[in-house]
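What follows is the residue order along each chain.
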Amino acid sequence: MSRTTFFEVRVLDAKTKELLCFLDKVEPYSTIGDIKSLFHKSHPHWYPARQALKLDPKEKSLRDDEVLQSLPVGTTATMYFRDLGPQLGWTMVFLAECIGPLLTYLLFYFRVPYIYSHKYAFTSSPHPVVALACTCHTFHYMKKLIETIFVHHFSHGTMPLRTIVRNCAYYWGFSAWLAYYINHPLYTPPSYGELQVNYALVIFVICELGNFSIHLVLNNLRGERRRFPMPTKNPFTWLFFFVSCPNYTYEVGAWVSFSIMTQCLPVALYTLLGFIQMTIWAKGKHRAYSREFKDYPSFRMAIIPLIL
C-alpha cells in the first residue's frame, strides 16, 4: 500500500515577502481553493474571494480549481499572496448596476425640484415620446433585474468593490445624462415624428424579447454536459446560426432603436461605447468557443452576422 506524500505550503506576502502562513500536511489533491480556505482560518479578514495566490509575484494568479500536486512545485510549495480588496458577488454587482439607472432616470422624468427650473418641478412633458422613452428605459432595466434574480445563475465569482464603484458611476452617470436631455423642457421630438418613433419601438420590443430568449437558452445550458449554445424552436434564438453572442447583438439593437426613438446624441454616444465594450466581450467568448469545440460552426461571427 503506497504511502501518501503530504505537502508543506508557505504563503508569503507578495510585496514584503513576509511569511503569513505555514500549512503543514496538506493533501496532494487539495486545490488552490482548499488552500485559500485553510489560509482564511488563520487570517479571517482575508476571505477566499479576497485572495490571489501566485507561484511568483509577477505571474498570474492561480485558479481555484488547480490541484496542488499538478503544480510545478516540490513537496514544499511557496506561494505569494495579494489582497484583492473587498469583494461583492455577481448578483449584487448586477443589482447595483441596474437599480441605479432605473431610479436615476425616473428622477428626471418626474422633474423633481432642483434638476430643471423651479417652474417645471413635477410637471410632465407635452411630447408622448418622452413618456414612451421612460417606459422603454424602465422596462429595459426591470427586465435586467428580473433576469438577475430569476434567470441568471452566477458562479461564486466576485468583483472588487472599487471596480463596482467605477462601473456604477459609469451606468448611473450615463443614465442621468440621457435622462437630463430626453426629459428637458426644451426637448424636441424626432424629425420624422410618430413614424420614426413607432418603427423604433417595434425594433426595441423585438430586441428585448430576443435578448431575454437568448438568456433563457444560456441559462438552460447550465448543469448539462459542456456544449456550445444552439438555436431552439424559438425564432428569436435563430440568431445563434450566425453569431456566437446574440445576447449582445440584441442588446446593441435595443439601444440603437432607443437612440432612433429619442433622436438624442447622448443616447447615441452611450450606444456606441456599449457596442465597443460588448464587441470586446463577444470576441473573447467567440475565441473561447472556437478553441474549446473542434466542431464549432466556422461561419459564426462574434456579434454582427457576416461582418464582425
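Heads up: these notes are all about the structure in this document. Throughout, a residue's number is its position along its own chain's written sequence, starting from 1. Local features in a predicted model are, by the rule used here, given only for residues with pLDDT of at least 70; side-chain atom pairs are given and counted only at 80 or more, and totals for whole chains, interfaces and linings are based on all residues. With hydrogens and water excluded, all non-hydrogen atoms of the structure serve as input to the side-chain values.

**Describing the packing of aromatic side chains**
Within 6.5 Å between ring centres, the rings of Phe, Tyr and Trp (the latter by its six-membered ring) count as paired, and their orientation is classed by plane angle as stacked under 30 degrees, edge-to-face over 60, tilted in between. Under the criterion given, the structure shown has 22 aromatic pairs. Plain terms: the ring middles of Y109 and F110 are 5.1 Å apart, the flat faces sit at 75 degrees to each other, and that makes the pair edge-to-face. For Y109, a relative accessible area of 23% puts it in the partly exposed group. Remark: exposure states derive from per-residue accessible area (1.4 Å probe, protein chains only) relative to the maximum for the residue type, with buried under 20%, exposed over 50%, and partly exposed in between. You can call F110 partly exposed: its relative accessible area is 48%. Ring centres of Y289 and Y296 lie 5.4 Å apart, and the angle between their planes is 25 degrees; this geometry places the pair in the stacked category. The exposure class assigned to Y296 is buried, which follows from its relative accessible area of 9%. Members of the aromatic cluster, connected to one another through ring pairs, are F108, Y116, Y170, Y171, F174, W177, Y180, Y181, W255, F258 and Y270.

**Side note on the packing of helix α6 (residues 246-262) against helix α7 (residues 265-292)**
Interaxial angle, 0 to 180 degrees, is taken between N-to-C directions of lines fitted to C-alpha atoms, where a helix line uses only the stretch in contact. Helix and strand definitions follow DSSP, with helices as H or I runs of at least four residues and strands as E runs of at least two, each counted in order from the N terminus. One can describe the packing of α6 onto α7 by two numbers: an axis separation of 9 Å at closest approach and a directional angle of 170 degrees. The pairing of α6 with α7 is recorded here as roughly antiparallel in orientation. Contacts between α6 and α7 involve Y248, E251, V252, W255, V256, F258, S259 and T262 from the first element and V267, A268, Y270, T271, F275, M278, W281 and A282 from the second. Here the nonpolar group is Ala, Val, Leu, Ile, Met, Phe, Trp, Tyr, Cys and Pro; Asp, Glu, Lys and Arg are the charged ones; every other residue, Gly included, is treated as polar. Among the residues making up the contact of α6 with α7, the classes are represented as 12 nonpolar, 3 polar and 1 charged. By definition in this entry, angles of less than 35 degrees are roughly parallel, angles greater than 145 are roughly antiparallel, angles of 65 to 115 are roughly perpendicular, and the rest are oblique. Any two residues whose heavy atoms approach within 4.5 Å at even a single point are treated as in contact.

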